[in-house]
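Notes for the structure review
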Amino acid sequence: KAGVTQTPRYLIKTRGQQVTLSCSPISGHRSVSWYQQTPGQGLQFLFEYFSETQRNKGNFPGRFSGRQFSNSRSEMNVSTLELGDSALYLCASSTGTSGYEQYFGPGTRLTVT
Amino acid sequence: DQQVKQNSPSLSVQEGRISILNCDYTNSMFDYFLWYKKYPAEGPTFLISISSIKDKNEDGRFTVFLNKSAKHLSLHIVPSQPGDSAVYFCAAGGNTDKLIFGTGTRLQVFP
């Protein structure tokens, strides 16, 4: 099976712009979760989508949003970018059943200047 | 509020010896725990998991121990190899698919 793919891998944006990141889960996986990784902060949970519905949400401002399509592919959008949004954004897919591990993509490295 | 804590940001171990990575959690509702390994420029890869009904799970060189009363889990790597050098994250989950991750421990295995 193909793994989780994320596009683009690298992105440079300026403050105030918006950005959309894409994630294609493993075939058959219905859950996609998004995380932000910054140095010293580990992986911070953004949100999780399951069958096109947001099922869980972390403690991020409303500038961070997402959606999931009927083929389970997911997009994450960040509006009005701030310097502090510079991070590695990871998505992970799973079957959506508690107790099963999540499989991560390689991430999108976002730099905001 | 950091519900999952990895208090050691780094660990250095000689090749062939045991590596012990520790993780503490505060939420007693967590019922499964996972360890992930992460190399630079790659996403985390799943290593091993344990459910709250067990206190030990083994997979080759990797063993995870869970002490529910102390809300503590540890990952033992025996013997440690240079290829094990990476950042290790512990994660905990409850009855949803949401995982809470620790801040990671950077393991360096030297010859």
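Residues numbered from 1 in each chain as written. Chains lettered and ligands numbered in written order. Predicted model: local features only at pLDDT ≥ 70, side-chain atom pairs only at ≥ 80, totals over all residues. Heavy atoms only, no water.

Residue and element names in this part refer to chain A. Within the open sheet, the four strands sit side by side as 1-3-8-7. Their pairing is antiparallel. Two strands in the sheet have a free side with no partner beyond their single neighbour: strand 1 (5–7) and strand 7 (64–68). Each strand of the sheet is rotated relative to its neighbour by a mean of 20°, with strand direction disregarded. Judged from the five bridges that link them, strand 3 (residues 19–24) and strand 8 (residues 74–78) form a sheet pairing that is antiparallel. When the bridges of strand 8 are listed, Thr20 appears paired with Asn77. (Pairing = 2+ DSSP bridges. Helix = DSSP H or I, 4+ residues; strand = E, 2+ residues; numbered from the N terminus. Axes fitted to C-alpha atoms, helices over the stretch in contact; angles between N-to-C directions.)

Okay, the environment of Leu66 of chain B next. Position of Leu66 of chain B relative to the elements: it lies in strand 7 (residues 62–67). On a C-alpha basis, the gap between Leu66 of chain B and Gly93 of chain B in space is 14 Å, while along the polypeptide they are 27 residues apart.

For the rest of this paragraph, the subject is a nonpolar patch on the surface. Residues and elements named next belong to chain B. On the surface, a nonpolar cluster with roughly 230 Å² of combined accessible area is contributed by Ile18, Ile20 and Val78. Note that Val78 resides in the loop between strand 8 (72–77) and strand 9 (86–93). Owing to a relative accessible area of 42%, Val78 belongs among the partly exposed residues under this scheme. (Patch = residues over 30% accessible without salt bridge, like charges linked within 9 Å, V, L, I, M, F, W, Y side chains within 5 Å. Areas by Shrake-Rupley, 256 points an atom, 1.4 Å probe, with all protein chains shown as cover. Salt bridge = Lys/Arg side-chain N within 4 Å of Asp/Glu carboxyl O. Buried < 20%, exposed > 50% of the residue type's maximum accessible area, 1.4 Å probe, protein only.)

The subject of this paragraph is the side chain of Lys38 of chain B. If you trace the backbone, Lys38 of chain B turns up in strand 4 (residues 32–38). An unpaired buried charge is present at Lys38 of chain B: no salt bridge exists, and Glu42 of chain B, the closest side chain of opposite charge, is 7.9 Å distant. A polar side-chain atom of Lys38 of chain B sits 3.0 Å from the main-chain carbonyl oxygen of Glu42 of chain B. Aside from chain neighbours lying at most four places away, what touches Lys38 of chain B is Gln37 and Leu88 of chain A together with Gly43, Pro44, Ala86, Val87 and Phe89 of chain B. (Lys, Arg positive; Asp, Glu negative; His and termini not counted. Polar contact = N/O pair within 3.5 Å; in protein donor to acceptor, adjacent residues only side chain to side chain. Contact = heavy atoms within 4.5 Å.)

As a further point, take the interface of chain A and chain B. Listed as interface residues are 27 residues of chain A and, on the opposing side, 20 residues of chain B. Between chain A and chain B the total buried area reaches about 1,700 Å² when both faces are included, carbon and sulfur atoms providing 56% of it. The interface formed by chain A and chain B contains zero salt bridges. Of all the elements in the fold, those that place two or more residues in the side of chain A that touches chain B are strand 4 (31–38), strand 5 (42–50), strand 6 (53–57) and strand 9 (87–94) of chain A. (Buried area = accessible area lost by both parts, 1.4 Å probe.)

Now for the state of the cysteines. Under the definition given, this model contains two disulfides over all chains. Here Cys23 of chain A engages in a disulfide with Cys91 of chain A; their sulfurs sit 1.8 Å apart. Given an S-S torsion of about 70°, the disulfide between Cys23 of chain A and Cys91 of chain A has right-handed geometry. Residue Cys23 of chain A is located in strand 3, and its partner Cys91 of chain A is located in strand 9; the two are separated by 68 residues in the primary sequence. Exposure remark for Cys23 of chain A: the relative accessible area of 0% places this residue in the buried category. The disulfide partner of Cys23 of chain B is Cys90 of chain B, and the gap between their sulfur atoms is 1.9 Å. Disulfide Cys23 of chain B-Cys90 of chain B: torsion about the S-S bond near 65°, hence right-handed. Separated by 67 residues along the polypeptide, Cys23 of chain B in strand 3 (residues 19–25) and Cys90 of chain B in strand 9 bring together distant segments of the chain. With relative accessibility at 1%, the residue Cys23 of chain B sits in the buried group. (Disulfide = S-S within 2.5 Å.)

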